[in-house]
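Okay, here's what each chain looks like letter by letter:
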Amino acid sequence: MCPEFPAGQSLLCCKQTVSSAPVGSDQNLDKLPQKQRCTEGASTENKEGPRPLRFLQSHTRSSPVSTMTLLEDPDMGSFGPELPAMFDGVKLAAVATVLYVIVRCLNLNSTTAPPEVGHQDTPLSRYLFKSCPLLTKEYIPPLLWGKSGHLQTALYGKMGRVNTPTLYGFRKFLPMPDGATATFDLFEARGDHSTGDDVTMVICPGIGNHSEKNYIRTFVDHSQRQGYRCAVLNHLGALPDMELTSPRMFTYGCTWEYAAMVGYIKRAFPETLLVVVGFSLGGNIVCKFLGESPSNQDRVLCCVTVCQGYSALRVQETFLQWDQCRRLYNFMLADRMKTLILSHRSSLLGLNGSNIGDVDLNRLYAATSLMQIDDSIMRKFHGYSSLSEYYEKESCLNYIHKVTVPLFLLNSLDDPLIHPSLLEIPRALAEKMPNVMFALTQHGGHLGFFEGAMLFPQPLTWMDKVIVEYADALCQWEKNRPACQRSSHQDMNSYLKRTGVTISEQHNLHRSLETKQ
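Residues numbered from 1 in each chain as written. Predicted model: local features only at pLDDT ≥ 70, side-chain atom pairs only at ≥ 80, totals over all residues. Heavy atoms only, no water.

Looking at this structure, I do not really get the overall build of the protein chain. What am I missing?
Counting its secondary structure elements, the protein chain contains 21 helices and nine strands. Going through the 517 residues of the protein chain one by one, you find that 50% of them count as buried. Pairs at least 24 residues apart make up 78% of the contacts formed inside the protein chain by residues separated by at least 6 positions. Surface accessibility of the protein chain: about 24,400 Å² in total, with carbon and sulfur atoms responsible for 58%. (Helix = DSSP H or I, 4+ residues; strand = E, 2+ residues; numbered from the N terminus. Buried < 20%, exposed > 50% of the residue type's maximum accessible area, 1.4 Å probe, protein only. Contact = heavy atoms within 4.5 Å. Areas by Shrake-Rupley, 256 points an atom, 1.4 Å probe, with all protein chains shown as cover.)

Structural data, given as C-alpha cells:
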C-alpha cells in the first residue's frame, strides 16, 4: 500500500504507477520501491488533477523501459518553454534583418538638405540666389521612398509623372538636306510672361524621347502657365507613328534636327528670346549646339541641362560597371534601343545611302549594352571609323567651355546612371567659368526629383519648378540690363573680355576637363 497521503495525491500515485505497466501484469508495480512509487507520483502532480491522468492514459501501451525513462528523467519537461523562446528569437532576427534592408535600400537614414551650388561670386550669381529660393531651400522628396535614387528613377521610367496634363499644340515637319524629316511640337503660352516679353523654351528630351512623354508634358504645361511658348524636339526615329525618310536616326550628339528647330523659331518669331533646355542626352545635344558656333547663342537668354553625363565615352565606360546596378540599367536601355532601331529596320536597310547591312543587324540582335549598339549601328549613321572617334566627336565636352550665356547644370548625387566621377566636370566648369552654375541635390535619381509628404508624389516635380524659376530670374535680369548689353546679338570675344576669361584660358579649361574623364 501507499503511505498515507491526501486522498487525491495517493490516488494519483497509484493510478500513474498502474497505468505505466503492461495490461494484465502487476509485477512491475511490485518491483518498484514503495517510496519511489509514491515520490514519482507526487512529482508529476498537477493542480488541475485530471490532466496527468489523461497524459498517462495516452501512453498505456508503452513499454516498461520507456515508462521508466519518462518517470525518471527530470529534464524532459524543460524543452517546452525553450523551443518557443528560440522561435521568437528567430522571428525577431528576421524582422530586424528585413527592417535593416528596407532602411538601407530606401536610404531612410539620409537627411534632406538644400542643393550644393557651385559658382563664382558675380553680380548675376548673387541676383540668382535672391531670385531663386529653391536653390537655398531643402529639396524634400517623399518620405517613404523618395530618398532612393533607384525608386525615383524607376518611377520616372515607368510612369514619367502622375496626373499628366493633356497638351494641345501643332506638329511641324522640317525637311533636312540629307532627306531626313525633323519634327517638333509647338505649344503656345497660356498667358503673358511676368516680364511682358516673348520668350520661347526650346526643349530637347532624353534618349529616344519625344513630346508625348509624360515628364515632357508636365514640364511644358507648367511652363505654358508661366507665360512661355514651348518647342519640343522629337528625336529622329523616336515617334512611334512616323517612318524614317532617310537611313539614319538620332545619335548622342547630332545637333542637326535641334538646330533646324531653333532656326525655325527664330524666323517665325523674330522678337522672341530663347531659353534652351536639355534633359539627360538632350543636355549633351544643347550644350554641343551652343558651343559649335557663337551665332547659335544669339537671342539665347540661358541654358539649363538636367542629369546629363557630360562625357559620352566616360558614361559608356561606367555603364559596364555593376555598382549602383548600372550594368542592369545599361541592359534595359540597350533593350529599349534595340526595339526602337528594329522598328525602322525596313527604312534603315532599304533606303539609298544606308551604311547599315544585315551583318550589323545581326550584331544588334546579340547586343546587351549601349556600347555594342553604338559600335554596330549608331556610329555608322555619320560614318565614324571607330567607337572612340564617335564618342569624342559627339560629346559636348569639346564644346561646353565655349558656351558664354548663363549656363545652369543640374544633377542628383544618387542618380544611378551618372557615376560620381563625372560630376567633377561641371564642378570644374563652375569654378572656372563665371557664367556657369552647378547645382547638385542629395536625392532625385535620374530625372525624378519627385516631391511629396509621405507616400504619394505631387504632379509637379522640384525639377520643373527650379527650371522655370531660374528662367524667370534670367528673364528679369535681362529685362533690367541696358539694351546694348542684351543677349540678342552678343559677341563671344567681347563677353570673354568682360568676364576676364581669355581664349587661352578656355583652351586650358578644355584640357583640364578632358583629364577629368
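Mind showing me how you'd approach a nonpolar patch on the surface here?
A cluster of nonpolar side chains, contributed by Leu143, Leu144, Met454, Leu455 and Phe456, occupies part of the molecular surface with about 490 Å² of accessible area. Turning to its location among the elements, Met454 is positioned in the loop between strand S9 (436-441) and helix H19 (462-480). (Patch = residues over 30% accessible without salt bridge, like charges linked within 9 Å, V, L, I, M, F, W, Y side chains within 5 Å. Salt bridge = Lys/Arg side-chain N within 4 Å of Asp/Glu carboxyl O.)

Help me out: how do you make sense of the sheet that holds strand S8 (residues 407-412) in this one?
Strand pairing in a sheet is mediated by backbone hydrogen bonds. Such pairs are either parallel or antiparallel. Read from one edge to the other, the open sheet built from nine strands follows the order S1-S9-S8-S7-S6-S4-S5-S3-S2, with strand pairing classed as mixed. Pairing within the sheet leaves two strands with one partner each, and these edge strands are strand S1 (116-118) and strand S2 (170-175). With strand direction ignored, the average angle separating the axes of adjacent strands in the sheet is 20°. Bridge count for S2 against strand S3 (residues 181-187) is six bridges, and the pairing is antiparallel. The residue bridging Lys172 from the neighbouring strand is Phe184, located in S3. Contacting S1, S8 and S9, helix H18 (residues 424-432) runs over the sheet at an angle of about 140° to S9. With respect to the sheet, H19 is in contact with strand S4 (199-204), strand S6 (273-279), strand S7 (300-306), S8 and S9, its orientation differing from that of S7 by roughly 160°. (Pairing = 2+ DSSP bridges. Axes fitted to C-alpha atoms, helices over the stretch in contact; angles between N-to-C directions.)

Quick question: what am I supposed to make of helix H9 (residues 214-225) here?
Within an α-helix, residues lying three or four positions from one another point in the same direction, as the helix has 3.6 residues per turn. With twelve residues, H9 should cover 16 Å at 1.5 Å per step; its first-to-last C-alpha distance of 17 Å lies within 8% of that length. Along H9, nine of the twelve residues are buried, which leaves the element largely enclosed by surrounding structure. Those residues of H9 not exposed but buried are Tyr215, Ile216, Thr218, Phe219, Val220, Asp221, His222, Ser223 and Gln224. Of the surrounding secondary structure, the elements contacted by the buried residues of H9 are helix H8 (149-159), S3, S4, strand S5 (229-234), S6 and H19. (Expected span 1.5 Å × (residues − 1).)

Would you take a moment to explain the environment of Arg427 for this structure?
Tracing the backbone shows Arg427 in helix H18. The partly exposed category is assigned to Arg427, whose relative accessible area is 22%. In this structure, the C-alpha to C-alpha distance between Arg427 and Leu409, residues 18 residues apart in sequence, is 9.5 Å. When residues no more than four places from it in sequence are discounted, the contact partners of Arg427 are Glu116, Phe438 and Leu440.

Just to check I follow, could you spell out the pairing of S8 for this structure?
The side chains of a regular strand alternate, residue by residue, between the two faces of the sheet. Of all six residues making up S8, six are buried, and the element is well covered by its neighbours. On S8, burial covers both faces: Leu407, Leu409 and Asn411 on one face and Phe408, Leu410 and Ser412 on the other are all buried. Bridge analysis of S7 against S8 gives four bridges, and the strand direction is parallel. Residue pairing in the sheet places Val306 in a bridge with Leu410 of S8. In this structure, S8 lies alongside S9, joined through six bridges in parallel fashion. For Asn411, the partnering residue across the bridge sits in S9 and is Leu440. Running through H18, the crossover from S8 to the neighbouring parallel element S9 is right-handed. (Right-handed = clockwise from strand over helix to strand, strands pointing away.)

So what exactly am I meant to see when it comes to the packing of helix H10 (residues 256-268) against helix H11 (residues 281-292) here?
Where H10 meets H11, the closest approach of the two axes is 10 Å, and the angle between their N-to-C directions is 65°. The angle between the axes of H10 and H11 places the two elements in the roughly perpendicular class. The handedness of the crossing between H10 and H11 is right-handed. Counted together, Tyr258, Ala259 and Val262 of H10 and Ile285, Val286 and Phe289 of H11 form the full contact between these two elements. Across the contact of H10 with H11, the residue classes break down as six nonpolar, no polar and no charged. (Parallel < 35°, antiparallel > 145°, perpendicular 65-115°, else oblique. Left-handed = near helix turned anticlockwise from the far one by under 90°. Nonpolar A, V, L, I, M, F, W, Y, C, P; charged D, E, K, R; others polar.)

Would you mind going over the side chain of Asn330 with me for this structure?
In this fold, Asn330 is placed in helix H13 (residues 326-342). Reaching out from Asn330, the side chain makes a polar contact with the backbone nitrogen of Leu370 at a distance of 3.0 Å. (Polar contact = N/O pair within 3.5 Å; in protein donor to acceptor, adjacent residues only side chain to side chain.)

Quick question: what am I supposed to make of the packing of aromatic side chains here?
Any aromatic ring pair is given by two values, namely how distant the centres are and how the planes are angled relative to each other. This structure, assessed with the given rule, holds 15 aromatic pairs. Relative to Phe289, the ring of Tyr258 has its centre 5.3 Å away and its plane inclined at 80°; by these criteria the two rings are edge-to-face. Note that Tyr258 is positioned in helix H10 and Phe289 in helix H11, a separation of 31 residues in sequence. Taken individually, Tyr258 and Phe289 each receive the classification buried, so the pair is uniform in this respect. For the pair Tyr390 and Tyr391, a centre-to-centre distance of 5.4 Å together with 45° between the ring planes defines the contact as tilted. (Phe/Tyr/Trp six-rings, centres within 6.5 Å; stacked < 30°, edge-to-face > 60°.)

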